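# Examination of the molecular architecture
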Amino acid sequence: MTELEAFAVELSHEAARTALPYFRGDNIEENKAGPGAFDPVTEADRASEAAIRRLIAARYPHHGVIGEEYGEDRPDADHVWVLDPIDGTRAFIAGLPLWTTLIALRHNERAVIGAIGQPYLREIFLGGPSGARLLRDGADTPLKTRACASLSDALIATTDPDIFVGADREAWTRLRASARLARLGCDAYAYAMVAAGRIDLVAETELKIWDWSALLPVIEAAGGKVTGWAGQSPDGDGRILAVGDAALTDQALAALTL
């Protein structure tokens, strides 16, 4: 494990130490959205990101940070940490152990290290230069996506079909109709399951840079592929497609873009 990969693990442990006392406790959420919508944030979100930022500032003061809760600090630096302290806040406030902490390191605008942590299950899915691995209770297990060359055999996932609107909703409906099985409500944990060889494909939209940056190194290091819905590198349009078997890419893109 490289020095920066080990530091990403350290950041994940710090986020877990900070967030877990709030989980299934008296955690009061606030609504960041306007009237008629609901986009929750909790003290756990803010406390976890603050803790991560303190460690980065102490260890690598020349690195930049982009975080969901506290914005940007030197986003043009050569090395930039991208943070989502609790991805799946709705699952968090519902007491469901499917929320994750997402930590990525971008180098020259490319995500090169990613950590998907699920503190309640004591799991960290790590991807980077040394490969992909699941860290749990002192064990270090290699991660590998599974073979699935046909969309009709695929187990696919998205967080909530209601995130899709207009043409995106029609695209998801076509994709789901082409697949063997679909599971919902897993947030970023679904991407961890792609890397672990349990889920074959995840498609989502309306994602921000902190939602997808950590996923890319983990899935790619495990043998999978992450693109936009037009087959391009993930970018600012928020449409993400992750597959465990690259052979699914063209079939999925065809369903999404008809």
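Residues numbered from 1 in each chain as written. Predicted model: local features only at pLDDT ≥ 70, side-chain atom pairs only at ≥ 80, totals over all residues. Heavy atoms only, no water.

In this section: the nonpolar core. With 35 residues, the main nonpolar core has F125, L143, Y191 and I199 as its most contacted residues. Mapped by element, the contributors of at least two residues to this core are β5 (79-87), β6 (100-107), β9 (131-136), β11 (155-158), α5 (189-195), α6 (209-212), α7 (215-221) and β15 (240-243). If one sorts the elements of this core by residue count, α5 sits on top with seven residues. Discounting chain neighbours no more than four positions away, the residues touching F125 are G114, A115, I116, R133, L134, L143, Y189, A192, M193, A196 and V218. (Core = buried A, V, L, I, M, F, W, Y, C linked by side-chain atoms within 4.5 Å. Buried < 20%, exposed > 50% of the residue type's maximum accessible area, 1.4 Å probe, protein only. Helix = DSSP H or I, 4+ residues; strand = E, 2+ residues; numbered from the N terminus. Contact = heavy atoms within 4.5 Å.)

Between helix α4 (residues 167-178) and helix α8 (residues 248-257), the shortest axis-to-axis distance is 7 Å and the interhelical angle comes to 135 degrees. Relative to α8, the element α4 lies oblique. Regarding α4 and α8, the two cross each other, and that crossing is right-handed. Facing α4, whose interface residues are A171, R174 and L175, α8 presents A252, A255, L256 and T257. In terms of residue class, the contact of α4 with α8 is built from five nonpolar, one polar and one charged. (Axes fitted to C-alpha atoms, helices over the stretch in contact; angles between N-to-C directions. Parallel < 35°, antiparallel > 145°, perpendicular 65-115°, else oblique. Left-handed = near helix turned anticlockwise from the far one by under 90°. Nonpolar A, V, L, I, M, F, W, Y, C, P; charged D, E, K, R; others polar.)

Our next topic: the sheet that holds strand β12 (residues 181-184). Pairing is mixed in the open sheet, where five strands are placed in the order β12-β11-β13-β15-β14. Among the strands making up the open sheet, the edge pair consists of β12 and β14 (225-227). Looking at each pair of strands side by side, their axes are set apart by 15 degrees on average, direction ignored. Across four bridges, the pairing between β11 and β12 is parallel. Following the sheet pairing, I156 is matched in β12 by A182. Each of β11, β12 and β13 (201-204) is contacted by α4, which is oriented at about 155 degrees to β11, the strand it contacts most. Each of β13, β14 and β15 is contacted by α8, which is oriented at about 150 degrees to β15, the strand it contacts most. (Pairing = 2+ DSSP bridges.)

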